[in-house]
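This is what each chain is made of:
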Amino acid sequence: MHIVVVGLSHKTAPVEIREKLAVPESRMGEALTRLCSYQGVREGILLSTCNRVEVYAVVDEIESGYGRIQEFLADAHLSLSSEQLTPHLYWHQGDRAISHLFRVAASLDSMIVGESQILGQIKEAFEVALTHKATGIILNKVVKKAISVAKRVRTETRIAEMAVSVSYAAVELAKKIFSDLSEKTVLLVGAGEMAKLAARHFIANGVRHVRVTTRNPQHGLELANRFGGTAVAFEQFREDMASADIILVSTGAAHYLVSEDDVQRSVKQRMNRPMFLIDISVPRNIDPAVRHVDNAFLFDIDDLKARVEQNRGERLNEAEKAERMVVDEVGIVRQWLQSLEVTPTIVALRTRVDDIKRAELDKTLGRLANLSPLERELVEAMASSIVNKLIHNTMVTLKAEVNSSEGAAFVEAARRFFSLGDSAVSNVNGSASSEPEACHSSQEDIRDVEEVTPRTGSKTSDH
Amino acid sequence: MAAMFFVVTMVLYFAATVSYLAYLLWPSEALSKVSLGVTAIGFASHTIALVARMVRATDVSPPGFHEALSFFSWMLILVFLAVEFRHRLHVLGSFIVPLALVSLVSAAALPETAPTLTPVFRTLWVHVTLSMLGTVGFAIAFVAGVMYLIQDGLLKSKRFNVLYSKLPALDFLDHLNQQSIVTGFPLLTLGIITGALSAEFSRGSYLNWNPEQTWALVTWVFYFAVLMGRLTVGWRAKRAAYLTIIGFAGVILTLIGVVLKSHGPVS
């Protein structure tokens, strides 16, 4: 059994490919069912956001598992062959897969490091997987751990502050251009997470007029509703730019969407009223030449970050701190996963019962000092026989179930019944006493996730 | 008494100027309070000096450039205090108070009466007051323009220094620029009309195209164009800032020209 991840993200694939692979929420269940129907795939969870599509799975064999998942991804979109996908995909297994999930959850792999939305998206994906019983003991643990690691990173580093303060910096800059934001109009181009966050910040600071444009008109409409604004057709937003005072661009397109001429024209239409353009896209969506246009003020993500750094007055490499946390936490999960191996469990069980037997025998034989050697032998034989019969079924079941989908659950149960766990293992187990029912009661599980956090936090701070 | 208060005012405005310039470069906000206090005391002293001068003045002692400049300086501070009171715009003091000081020092360099402008009539008081009020408007517009260009430059070059944090929003400065011209322009217009009337009384012609009259008209036409350009073809923001700076430079040149002509070079 191996944990693997196959996927692509904003770092490896252009938006055109990501869009094609993205699985809408309504079809998530169906996709998960299909994923689990592949032979050798025991557990699976599908994470689909505008910046990444990833499949985390527990598979019997690594190589064939990779193949199946890639097939699954290609099947999601008929116009894409498996080969076409290859250059954009990444494959990780074991520790690296877990570490990848942790980094994603902690927003270390995000376009804007520290943005918080990814954590919510992972929780949602996990909930859907639980509802469709796609995950089992291993992924349940690992994903929950990922969520708690993300929370730990958020509370113990200032990485989240970074993303929030980028929006804050944008608003603060806007206030140096416009004295009264309530009369201003924000045009949101694209639905990048950071841009949405910034838009919310602007609304919180009094902006009342919001216009939204996205490539997908339906999505634009939904966003516009959420912000209490109006949707603009993507094809004509450039003509519409003049009506906006603040333009937030974050589309994930690989080229410039807004040129110097576009802005020059808009400023002219606005009779030289200043325009504030914020480009939160990587790569850039607004031509940097816009800087030369009078009365247009362009700031990109690096400018905003620089402003944040300056605000703080000190340079803290919060991301590095977070990376170290991820490494620690992966170590803990690795220990737990190792404990799920059958052979070491059988050895541990054997040792455990032998220890008990030895201790009890020593106690009893110490009191019966005048037994003959034969009698001593008989007593010892009886003890061994009781112990062996008691654990016989457990041993047989463990060996028999080693390759079944519930093997890990049996190992886990055996470890619990016979107190075979070590501290690291019990830490991961934490709140998971009702594990076998996890798939049937998703709500409870999510609550478990909430509970896990403080415990993990205090535990690790003891080290 | 007027002379004594005049000197006290000058000293206080000088202190306020130093304090306000330090405020511009210092991250702390505390200096603005000190500066404002000193300015307010200076203003009170200035008011006393002006009142004392007026009480002493008779119908036959008309206002000269000394009085005009002193009055101009007083008006600048008055408008500044009003704007500061309403918008809490401390940084405006760093620009206006030095200007008021320069104006007051120039007044001090001139004799208290204008010998060449006799005979004059009461209308001259009205003419000088209106023209000076108009000029105060243009001075505020000039200051707003300078502040606009500084803030624009800081934003464009992404230099977020102390000055950046203290200067107000661009559109506020642009609005201040517009309001100042909208207020100053009609006052200047009235000032020119009353000037023409008093010229008619004193010299028998409304307009005899002497240099200061010509310059006054050029200034009027210039600001008229600036105002119209803003309202019709969008001469606002950076362009408006440049235009008002140029316009005010013209006003100053006119003033210097008139003064030199009246008194000869101040040596």
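Right above here is the structure, for reference.
Structure report, in brief.

Helix and strand counts for chain B stand at nine helices and zero strands. Mapped in sequence order, the helices and strands of chain B form the string α-α-α-α-α-α-α-α-α. Within chain B, the proportion of its 267 residues that are buried is 43%. Expressed as a percentage of contacts within chain B between residues at least 6 apart in sequence, the contacts between residues at least 24 apart total 81%.

Next up on the list: the sheet that holds strand 4 (residues 90-93) of chain A. Residues and elements named next belong to chain A. If you walk across this open sheet you meet the four strands as 2-3-1-4, and the pairing is antiparallel. Since the sheet does not close on itself, it has two edges, and those belong to strand 2 (41-48) and strand 4, each with one partner. The sheet shows a mean angle of 15° between the axes of neighbouring strands, direction not considered. In terms of strand pairing, strand 1 (residues 2-9) meets strand 4 through four bridges, oriented antiparallel. Counted as the bridge partner of Gly7 is Tyr90 from strand 4.

With that settled, consider the interface of chain B and chain A. At the junction of the two partners, chain B supplies 15 residues and chain A supplies 15 residues. Where the side of chain B that touches chain A is concerned, the elements lending two or more residues are helix 5 (123-157), helix 7 (170-203) and helix 9 (237-263) of chain B. For the side of chain B that touches chain A, the per-class residue count stands at seven nonpolar, two polar and six charged.

Within the chain, A:Asn272 stands out as a residue other than glycine whose phi angle is a positive 70°. Of note, A:Asn272 is situated in the loop between helix 12 (260-269) and strand 9 (275-279).

In this section: the environment of A:Thr364. Considering the arrangement of structural elements, one finds A:Thr364 in helix 15 (residues 342-367). Residue A:Thr364 is classed as partly exposed on the basis of its 13 C-beta neighbours within 10 Å.

A separate point is the nonpolar core. Grouped together as the largest cluster of nonpolar side chains are 117 residues, with contacts concentrated most on A:Ile247, A:Leu248, A:Leu277 and B:Leu76. Ranked by residues supplied to this core, first place goes to helix 5 of chain B with 16 residues. Residue contacts for A:Leu248: discarding those within four places in its chain leaves A:Val186, A:Leu188, A:Val189, A:Ala195, A:Ala198, A:Ala199, A:Ile278 and A:Ile280. Membership of the second largest hydrophobic core comes to 70 residues, among which are A:Val5, A:Met28, A:Leu101 and A:Phe410.

Parameters and conventions
- Residues numbered from 1 in each chain as written.
- Chains lettered and ligands numbered in written order.
- Predicted model: local features only at pLDDT ≥ 70, side-chain atom pairs only at ≥ 80, totals over all residues.
- Helix = DSSP H or I, 4+ residues; strand = E, 2+ residues; numbered from the N terminus.
- Buried ≥ 20, exposed ≤ 12 C-beta atoms within 10 Å, placed from the backbone.
- Contact = placed C-beta atoms within 7 Å.
- Pairing = 2+ DSSP bridges.
- Axes fitted to C-alpha atoms, helices over the stretch in contact; angles between N-to-C directions.
- Nonpolar A, V, L, I, M, F, W, Y, C, P; charged D, E, K, R; others polar.
- Core = buried A, V, L, I, M, F, W, Y, C linked by C-beta atoms within 7 Å.

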